[in-house]
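If you want the building blocks of each chain, they are given just below.
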Amino acid sequence: MSALLEVKNVTKRFGGVVANRDVSLTVRQGEIAGLIGPNGSGKTTLFGSITGAHAVDEGDIFFEGGSIAHLRPAPIARLGLLRTWQQTRIYGEMTCAENMAISAREAHGHVFSLLRPVPAATRRKGDDLLAFVGLHEKKDDKAGSLSFGQQKLLEFAMALMNEPKLLLLDEPTAGINPTLINGLIDRLRRANTELGVTLLVIEHNMRVIMNLAHRITCLAHGEVLAEGTPNEVRDDRRVLDAYLGVA
Amino acid sequence: MSRATFPRLSDWHIAAVLALFGLAGPFLLPTLATQIAFLWLMVVFALTWDMLGGRMGYNSFGNIVFFGIGCYAAAVIQRDAGLPYFEGLALGLVAGAVLSVLAAIVFGAAMLGIRGHYFAIGTLGLGIAAGEIAAGWDYVGAGSGMALPLYPGELGERELFFCYSLFALAACCFLLFRWIYSTRFGLALNAIRDDQDKADAMGLRTTPIKIVAWSLSAFFLGISGGLAANMIGFIDPRDVAFAGATYGVWMVLMTILGGKGTLWGPVLGAFIFHVTQELFWTWLLGWQRVALGLLIVLIVVFFPQGIMGWLAERRARTAS
């Protein structure tokens, strides 16, 4: 498997605080990669660096072999690298169907190419993906009226609508009703296998990430602490210490 | 959103009544022709303000600049081009539209990166600065303003001419914007309003979208400026062309009163505002400004969502 995303020796400082120090990480084409670490270990900062929310201080980031460290979020998204947010971001005053329609890949086009109605095929695809995450009955509801968990599902469906090559998910199961988590894991897996989307997932729920990810990287204090298969990471003494404190 | 507030059928009913009023009104009520002409001007003001303020979430207090540019462009062309009245007017309107769009592109590139209150305050400064520049610039008459050439037709014909011209402009603006809001461009505007960072992160080209939206507003405002200047016959830099404290604020109020981001809200707001304003003027002479201020307070307190927003909310409540 070839590398889709390569983070090479990235350091990111906010004032005097080093949020990421010399972080290197590879996500291979077609896999589900996991990113874990205690609160404040720099996982979300790394997502921000990868998707262009802020510039990195040192190091470089490559997507499909090209450097993206200097790009802004929109051009990075157009390359096929998307993210979701821990606190979810959806278009609250628009209906779910409208949220889906404007998330389609065609909306990347030049401004004058937007002066066309939403094609029927796009509407259908939006409906299908809403059904995929179980929100089909809500399609004419305002997105802002959905529960937090439903908004997370909508945000995931919007990301799939954009047909990314790589999708970065920031705690996809946080705030989701525990009885629905298995269904969500199943959908993440199907997005990976059926839609061919490579995933990099930040997750605090160990049961979820151990089940889902093919490989896991663990961050602590902004540095890579361990990486390997779920079993290797779980059995790593340093990872346990990072979470529970050294005895 | 527009479809949720009004079913398709009554859209056409309203449009038919308005078209009938626009076409027959000035004939049936010739003494009110100038008032009706101002009404259509107010409709253009509200519709163009809503493009940014309602649909895109950018509250501009500087849209009056494009109106003012339209006023002056027409006045200068009509003064200097040496053309007969109607040819000069036509050329002046084209120049006003082009200059306004160019101004929107330049100001947009500079200011549409600013958000929220900062954008509102920045555009407020833009309007005031434009008025001061015009008032100090001898080429455009400086503080004493500019007089427009006399309309060549017979008595009474002039009022009808501007009444129909402004009606046509308002109708074109409404129909074009209605179509635009039905396209992906309209959805993109709403997406920018709801969460611009998200829209960026989903790959939308937000900067060009915002500039094109402001340019569309500026286009219609530029033309309306040229028509209004000719109808009034005289432009004062601060009281007509760059009248931020009157026209500039009314644009915002009319849209909020009718309902931001709704199809008919700006039209309805312009009607109610203009009619009440004229009634105040006629019946409360001396107190009309106080009454207007009171109306503004009532609008903001009781109809923060606007009339169309309030109706939609009520309808949603009765449906559920």
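Anyway, here's the lowdown on the structure attached to this text.

Quick notes on the rules
Residues numbered from 1 in each chain as written. Chains lettered and ligands numbered in written order. Predicted model: local features only at pLDDT ≥ 70, side-chain atom pairs only at ≥ 80, totals over all residues. Heavy atoms only, no water. Helix = DSSP H or I, 4+ residues; strand = E, 2+ residues; numbered from the N terminus. Rg over C-alpha atoms; globule rule 2.2 N^0.38 Å. Buried < 20%, exposed > 50% of the residue type's maximum accessible area, 1.4 Å probe, protein only. Areas by Shrake-Rupley, 256 points an atom, 1.4 Å probe, with all protein chains shown as cover. Pairing = 2+ DSSP bridges. Axes fitted to C-alpha atoms, helices over the stretch in contact; angles between N-to-C directions. Contact = heavy atoms within 4.5 Å. Buried area = accessible area lost by both parts, 1.4 Å probe. Salt bridge = Lys/Arg side-chain N within 4 Å of Asp/Glu carboxyl O. Polar contact = N/O pair within 3.5 Å; in protein donor to acceptor, adjacent residues only side chain to side chain. Nonpolar A, V, L, I, M, F, W, Y, C, P; charged D, E, K, R; others polar.

**Overview of the overall build of chain A**
1) Next: For chain A, the helix and strand inventory stands at 9 helices and 10 strands.
2) Next: At 18 Å, chain A has a C-alpha radius of gyration in line with the 18 Å of a compact globule built from 247 residues.
3) Next: Of all 247 residues assigned to chain A, the portion counted as buried reaches 51%.
4) Next: Surface accessibility of chain A: about 10,600 Å² in total, with carbon and sulfur atoms responsible for 51%.

**Details of the sheet that holds strand β9 (residues 215-220) of chain A**
All names here are of chain A.
1) Next: Spatially, the 6 strands line up as an open sheet ordered β6-β7-β8-β3-β9-β10, and their pairing is mixed. The open sheet has two free edges, formed respectively by β6 (81-83) and β10 (223-228), since each of these has just one partner strand. With strand direction ignored, the average angle separating the axes of adjacent strands in the sheet is 15 degrees.
2) Next: Note that β9 and β10 share 5 bridges and pair antiparallel. Among the inter-strand pairings, Ile 216 is bridged to a residue of β10, identified as Gly 228.
3) Next: With respect to the sheet, helix α5 (residues 148-161) is in contact with β6 and β7 (166-170), its orientation differing from that of β7 by roughly 165 degrees.
4) Next: The strands that helix α9 (residues 237-244) touches are β3 (32-36), β9 and β10; relative to β10, the one it contacts most, it runs at about 135 degrees.

**Concerning the interface of chain B and chain A**
1) Next: Tallying the contact residues gives 26 residues for chain B and 34 residues for chain A.
2) Next: Across the chain B to chain A interface the summed buried area is about 2,700 Å²; carbon plus sulfur atoms make up 64%.
3) Next: Of all residues in chain B, B:Arg184, B:Lys198 and B:Met202 bury the most surface against chain A, accounting for 31% of the area lost on that side.
4) Next: Our enumeration of links across chain B and chain A arrives at 4 salt bridges.
5) Next: Between A:Glu106 and B:Arg184 there is a salt bridge, with the nearest N and O atoms lying 3.2 Å from each other.
6) Next: Between the two partners, chain B and chain A, sit 17 residue pairs in polar contact (both at pLDDT 80 or more).
7) Next: Secondary-structure elements contributing two or more residues to the side of chain B that touches chain A are α7 (157-181), α8 (184-194), α9 (196-201) and α10 (206-232) of chain B.
8) Next: In terms of residues, the side of chain B that touches chain A owes the most to one element, α8(B), which gives 8 residues.
9) Next: Taken together, the residues of the side of chain B that touches chain A sort by class into 14 nonpolar, 4 polar and 8 charged.

**Observations concerning unusual backbone geometry**
All names here are of chain A.
1) Next: Positioned with a positive phi, Thr 88 is a non-glycine residue whose angle comes to about 60 degrees.
2) Next: Residue position: Thr 88 is located in the loop between β6 and α3 (96-102).
3) Next: On the basis of relative accessibility, which here comes to 10%, the residue Thr 88 falls in the buried class.

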